[in-house]
2 protein chains.
Amino acid sequence: MGIEQFVALSEGTWRSMRSGHSLAFQQFEEVISEIQIKQIAKDSKLVKELISTTKFKELDIKAPFSIEWNAESDWDENEDSSNSKGLCILIPIPISNKEGVIIRSLGYAEAIQAESRYNFLSDKTFVLSTKYGSSSVEERIWFLSENFRCRSSVIKTSNGEGILQTSFASEVRHIKKQGYE
Amino acid sequence: MGIEQFVALSEGTWRSMRSGHSLAFQQFEEVISEIQIKQIAKDSKLVKELISTTKFKELDIKAPFSIEWNAESDWDENEDSSNSKGLCILIPIPISNKEGVIIRSLGYAEAIQAESRYNFLSDKTFVLSTKYGSSSVEERIWFLSENFRCRSSVIKTSNGEGILQTSFASEVRHIKKQGYE
């Protein structure tokens, strides 16, 4: 599994059931969301702008893509804010077939631009690690079939000692491919 | 990582937050449980009885252990049944350092004796696969630190095509080791 194959497998529209565990308070969160993953052109404006803020070059890029989500959580008490939408641009820069870097326009734990490391385990599980100012995150994605994947995340304190939150999503793809934007 | 190291890492009492996803109905389940994992002696009565029902011999066994759980789910409406308790004996039979068989006195998807296959991924994630009459299950356990582990499960139809249920648990060890029974 290389990053290009992984992105190709992920393209489409997914229905996600996600559970969050807040460990200090032993609280559960439940979120249903629709997630749209699309490959985008290497020379698109969004990709060019994002890569220009890093030390990497357009030549290093493979299979950039966007993730757009529309989530409904049971945590938000204010009805107006109970839908959370967003769009993130991700630019993979492989080092080898098994690992590399991903530049993200928005991070997972913090809503700022982030640089993540990724690698594939022996069974093709995708592992993404990101360090933020006050936390670090490990995300894992593994496919159970063509149209079903699991996604887990763990948010640790930045020194890696405390575990703050975990989440797990069951994701079913109901629309296969959207094509280039 | 071999199975003996894995069992040694797992010994103790864990507080578990588990979320279940029922995919057909898009329903969430939330369960808090206390899980006690103990190594048991190879020549104990429970181990001898269980192994005698299989094709394996006492000589093949490494690090047998028991899992005892006490769970509280939000699914049960009947208060009397809202606590689910149980005990399972597990007997590992390694084929190599990376993989083997585990005999379980109780299965995960079905409450019958079961034979599972296990293997370790490149990052030491433990993967357990079990086929039952009408379903098959993949469970994964990975340690984030000495006292924190994640556990996921997926229940598929026995032909492997349909995915029925998934679950994810965040587990914190609060008592380290119980010693031999």
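Residue numbering note: each chain is counted from 1, following its sequence as written. To read the labels, note that chains go from A and ligands from 1, taken in the order they are written. Where totals are concerned, whole chains, interfaces and linings use all residues; where local detail is concerned, this predicted model gives features only for residues with pLDDT of at least 70, and gives and counts side-chain atom pairs only at 80 or more. Hydrogens and water molecules were not included; the side-chain quantities draw on all heavy atoms of the structure.

Asker: It is not clear to me how the overall build of chain A should be interpreted in this structure. Could you clarify?
Answerer: In this text, helices come from DSSP runs of H or I with a minimum length of four residues, and strands from runs of E with a minimum of two, each type numbered from the N-terminal end. Of regular secondary structure, chain A possesses two helices and ten strands. Going from the N terminus to the C terminus, chain A shows its helices and strands as α-β-β-α-β-β-β-β-β-β-β-β. Radius of gyration here uses only the C-alpha atoms, and the compact-globule reference equals 2.2 Å multiplied by the residue count raised to the power 0.38. Computed over the C-alpha atoms, the radius of gyration of chain A is 16 Å, within 12% of the 16 Å expected from 2.2 N^0.38 for a compact globule of 181 residues. Seen along its three principal axes, the alpha-carbon backbone of chain A occupies a region of about 45 × 40 × 35 Å. Counting only residues that meet the buried cut, chain A has 50% of its 181 residues in that class. Contact criterion: two residues are considered in contact whenever any of their non-hydrogen atoms come within 4.5 Å of each other. At a minimum sequence separation of 6, the contacts of chain A that also span at least 24 residues come to 49%. Throughout, the Shrake-Rupley method with a 1.4 Å probe supplies accessible areas, and for residues the shown protein chains are the sole cover considered. For chain A, the accessible surface area stands at approximately 8900 Å², while carbon and sulfur atoms represent 47% of it. Asp and Glu count as negative and Lys and Arg as positive, but His and the ends of the chain are not part of the count. In this description, the location of a charge corresponds to atom NZ of lysine, CZ of arginine, CG of aspartate or CD of glutamate. Charge centroids of chain A, computed over 22 positive and 26 negative side chains, lie 9 Å from each other. Buried, partly exposed and exposed residues are distinguished by accessible area as a fraction of the type maximum, computed with a 1.4 Å probe on protein chains only: under 20%, between the cut-offs, and over 50%, respectively.

Asker: I tried to follow the packing of aromatic side chains on my own but got confused; where do I start?
Answerer: How two aromatic rings sit relative to each other is set out by the distance from centre to centre and by the angle between their planes. Paired rings are identified among Phe, Tyr and Trp, the last through its six-membered ring, by centres lying within 6.5 Å, and are further divided according to the angle between planes into stacked (under 30 degrees), edge-to-face (over 60) and tilted (the rest). Scanning the entire structure with this criterion turns up 18 aromatic pairs over all chains. Relative to Phe 143 of chain A, the ring of Phe 6 of chain A has its centre 6.0 Å away and its plane inclined at 80 degrees; by these criteria the two rings are edge-to-face. With Phe 6 of chain A in helix 1 (residues 3-10) and Phe 143 of chain A in strand 8 (residues 135-145), this pair connects stretches of sequence that are 137 residues apart. Ring plane angle 45 degrees and centroid distance 6.3 Å describe the contact between Trp 142 of chain B and Phe 168 of chain B, whose orientation is recorded as tilted. Of this pair, Trp 142 of chain B sits in strand 8 (residues 135-145) while Phe 168 of chain B is found in strand 10 (residues 163-175), placing the two residues 26 residues apart along the sequence. A network of ring pairs unites the aromatic residues Phe 6, Trp 14, Tyr 118, Phe 120, Phe 126 and Phe 143 of chain A as a single cluster. Our definition puts a charge over a ring when NZ of Lys or CZ of Arg is within 6 Å of the ring centre and also within 35 degrees of the ring normal. The side chain of Arg 149 of chain B reaches across the aromatic face of Trp 14 of chain B, ending 5.0 Å from its centre.

Asker: Teacher, can you tell me more about the relation of the copies chain B and chain A here?
Answerer: Each of the two chain copies goes to the other by way of a rotation about an axis and a shift along it. We superpose the copies by least squares over the C-alpha atoms of residues that have a pLDDT of at least 70 in both of them. For the pair chain B and chain A, the relating rotation is 180 degrees, the translation along its axis is 0.0 Å, and the fit reaches an RMSD of 0.0 Å. On this basis, the relationship between the two copies can be described by a two-fold rotation axis. Of every C-alpha in chain B, the one belonging to Ser 122 of chain B sits nearest the axis of rotation, 2.6 Å from it. A symmetric contact is evident, with 100% of the interface residues of chain B recurring at the interface of chain A.

Asker: Honestly, the interface of chain B and chain A in this entry has me stumped. Any pointers?
Answerer: Think of interface size as the accessible area that goes away when the parts come together; that is how it is often given. Listed as interface residues are 33 residues of chain B and, on the opposing side, 33 residues of chain A. Each partner contributes to the roughly 2900 Å² buried at the junction of chain B and chain A, and carbon and sulfur atoms together form 66% of this total. Here a salt bridge means any side-chain nitrogen of Lys or Arg lying within 4 Å of a carboxyl oxygen belonging to Asp or Glu. There are two salt bridges connecting chain B and chain A. Linking Arg 140 of chain A and Asp 123 of chain B is a salt bridge whose minimum nitrogen-to-oxygen distance equals 2.4 Å. Counting of polar contacts relies on pairs of N or O atoms within 3.5 Å, with two restrictions inside protein: one atom must be capable of donating a hydrogen and the other of accepting it, and residues adjacent in sequence are counted only when both atoms are side-chain atoms. Our enumeration of links across chain B and chain A arrives at 14 residue pairs in polar contact (both at pLDDT 80 or more). Contributions of two or more residues to the side of chain B that touches chain A are made by strand 1 (12-22), strand 2 (27-39), strand 8, strand 9 (148-157) and strand 10 of chain B. As used here, buried area is the combined drop in accessible area, with a 1.4 Å probe, of two parts when they are placed together.

Asker: Could you clarify how one ought to interpret the state of the cysteines in this entry?
Answerer: In a disulfide, the sulfur atoms of two cysteines are covalently bonded to one another. Any pair of cysteine sulfurs within 2.5 Å is marked as a disulfide. Applying the stated criterion to the full structure yields zero disulfides over all chains. We note that Cys 150 of chain B lacks a disulfide partner, and the nearest cysteine sulfur, in Cys 150 of chain A, lies 13 Å from it.

Asker: Can you help me understand the pairing of strand 7 (residues 126-131) of chain B in this one?
Answerer: The side chains of a regular strand alternate, residue by residue, between the two faces of the sheet. Residues and elements named next belong to chain B. Taken together, the five bridges between strand 6 (residues 114-120) and strand 7 define a ladder with antiparallel strand orientation. Within strand 7, the position partnered with Asn 119 by the bridge is Val 127. The criterion for strand pairing is that DSSP finds at least two bridges linking the strands in question. Relative to strand 8, strand 7 runs antiparallel, the two sharing six bridges. If you follow Leu 128 over to strand 8, its bridge partner there is Glu 139.

Asker: Is there a simple way to explain the side chain of Ser 16 of chain B in this structure?
Answerer: You can see Ser 16 of chain B is positioned in strand 1. The residues touching Ser 16 of chain B, leaving out its near neighbours within four places in the chain, are Val 31, Ile 32, Ser 33, Ile 35, Arg 151, Ala 169, Ser 170 and Glu 171 of chain B.

Asker: When you look at unusual backbone geometry in this model, what are you seeing that I'm missing?
Answerer: Among all residues except glycine, the phi angle is most often negative; among peptide bonds, the trans geometry is most common. If you check the backbone angles, Ala 63 of chain A has positive phi at about 50 degrees while not being a glycine. By secondary structure assignment, the location of Ala 63 of chain A is in the loop between helix 2 (45-51) and strand 3 (65-73).

Asker: Help me understand the pattern of salt bridges, please; the structure alone is not making it clear to me.
Answerer: Opposite charge on two side chains permits pairing when their charged atoms draw close. Inspection of the entire model under this criterion finds 20 salt bridges over all chains. For Glu 49 of chain A, the salt bridge is made with Lys 45 of chain A, and the minimal N-O distance between the two is 3.8 Å. Placement of both Glu 49 of chain A and Lys 45 of chain A in helix 2 is noted, with a separation of four residues, approximately one turn of the helix. The class for Lys 45 of chain A is exposed, based on a relative accessible area of 64%. The closest approach of N and O atoms between Arg 117 of chain B and Glu 99 of chain B, which form a salt bridge, is 3.8 Å. With Arg 117 of chain B in strand 6 and Glu 99 of chain B in strand 5 (residues 99-104), this pair connects stretches of sequence that are 18 residues apart. The network of salt bridges with common partners includes Asp 123 of chain A together with Glu 138 and Arg 140 of chain B.

Asker: Which parts of the structure should I look at to understand the nonpolar core?
Answerer: One recurring pattern in soluble globular proteins: nonpolar side chains tend to sit buried together. The definition of a nonpolar core used throughout is a set of buried Ala, Val, Leu, Ile, Met, Phe, Trp, Tyr and Cys residues joined through side-chain atoms within 4.5 Å. Among the nonpolar cores identified, the biggest contains 21 residues, and Leu 144 and Cys 150 of chain A together with Leu 144 and Cys 150 of chain B are the most heavily contacted of them. Non-local contacts of Cys 150 of chain B, meaning those with residues more than four positions away in its chain, are made with Val 154 of chain A together with Arg 140, Ile 141, Trp 142, Leu 144, Phe 168 and Ala 169 of chain B.

Asker: Please explain the side chain of Ser 19 of chain B as it appears in this structure.
Answerer: Along the chain, the position of Ser 19 of chain B falls in strand 1. Among the polar contacts made by the side chain of Ser 19 of chain B, one reaches the side chain of Ser 19 of chain A at a distance of 3.4 Å. For Ser 19 of chain B, the side chain forms a polar contact with the side chain of His 21 of chain A, separated by 2.7 Å.

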